[in-house]
Amino acid sequence: VGTDHRLCRMASKYAKEFVMPEGFPDILRAYAKSLLKDKPKDTSSYSYEYFMNAIEQANIEKELQEEKEKEAQEGGGEA
């Protein structure tokens, strides 16, 4: 089974360039490691749950960071 290099060359000729979002490779790497480690039978449901949990965790971390910044601003104003 060989690769049709004409197809690859043609596809890349018309492919649009895009910028990879910051942190995306790390997110993808962590997801792939988790997927390979857990070996779920239903990868669609697993993926949904994985990314919903990741979003929830990111929101929690963002809220904690915002609280720290607010406390630092309030504490800094008293000095």
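Below is a short write-up of the structure. In this text the structure is predicted, and so the values were computed from the model without any measurement. (Residues numbered from 1 in each chain as written. Predicted model: local features only at pLDDT ≥ 70, side-chain atom pairs only at ≥ 80, totals over all residues. Heavy atoms only, no water.)

This part covers the overall build of the protein. A tally of helices and strands in the protein yields three helices and zero strands. Along the protein, helices (α) and strands (β) appear in the sequence α-α-α when read from the amino end. Scored against the burial criterion, the 79 residues of the protein give a buried share of 5%. About 7700 Å² of surface is accessible on the protein, with carbon and sulfur atoms providing 57% of the total. (Helix = DSSP H or I, 4+ residues; strand = E, 2+ residues; numbered from the N terminus. Buried < 20%, exposed > 50% of the residue type's maximum accessible area, 1.4 Å probe, protein only. Areas by Shrake-Rupley, 256 points an atom, 1.4 Å probe, with all protein chains shown as cover.)

Let us now look at the packing of aromatic side chains. By the definition in use, this model includes four aromatic pairs. Ring geometry for Tyr31 and Phe51: centres 4.9 Å apart, planes at 35°, overall tilted. One end of the pair, Tyr31, is in helix H2 (residues 24–38); the other, Phe51, is in helix H3 (residues 43–78), and 20 residues separate them in sequence. Using a relative accessible area of 14% as the deciding quantity, one classes Tyr31 as buried. Exposure remark for Phe51: the relative accessible area of 32% places this residue in the partly exposed category. (Phe/Tyr/Trp six-rings, centres within 6.5 Å; stacked < 30°, edge-to-face > 60°.)

Turning our eyes to something else, we now look at a negative patch on the surface. Among the surface-exposed residues, Glu63, Glu66, Glu67, Glu69, Glu71 and Glu74 lie close enough to one another that they form a single negatively charged patch. When you line up the elements, Glu74 lands in helix H3. (Patch = residues over 30% accessible without salt bridge, like charges linked within 9 Å, V, L, I, M, F, W, Y side chains within 5 Å. Salt bridge = Lys/Arg side-chain N within 4 Å of Asp/Glu carboxyl O. Lys, Arg positive; Asp, Glu negative; His and termini not counted. Charge placed at Lys NZ, Arg CZ, Asp CG, Glu CD.)

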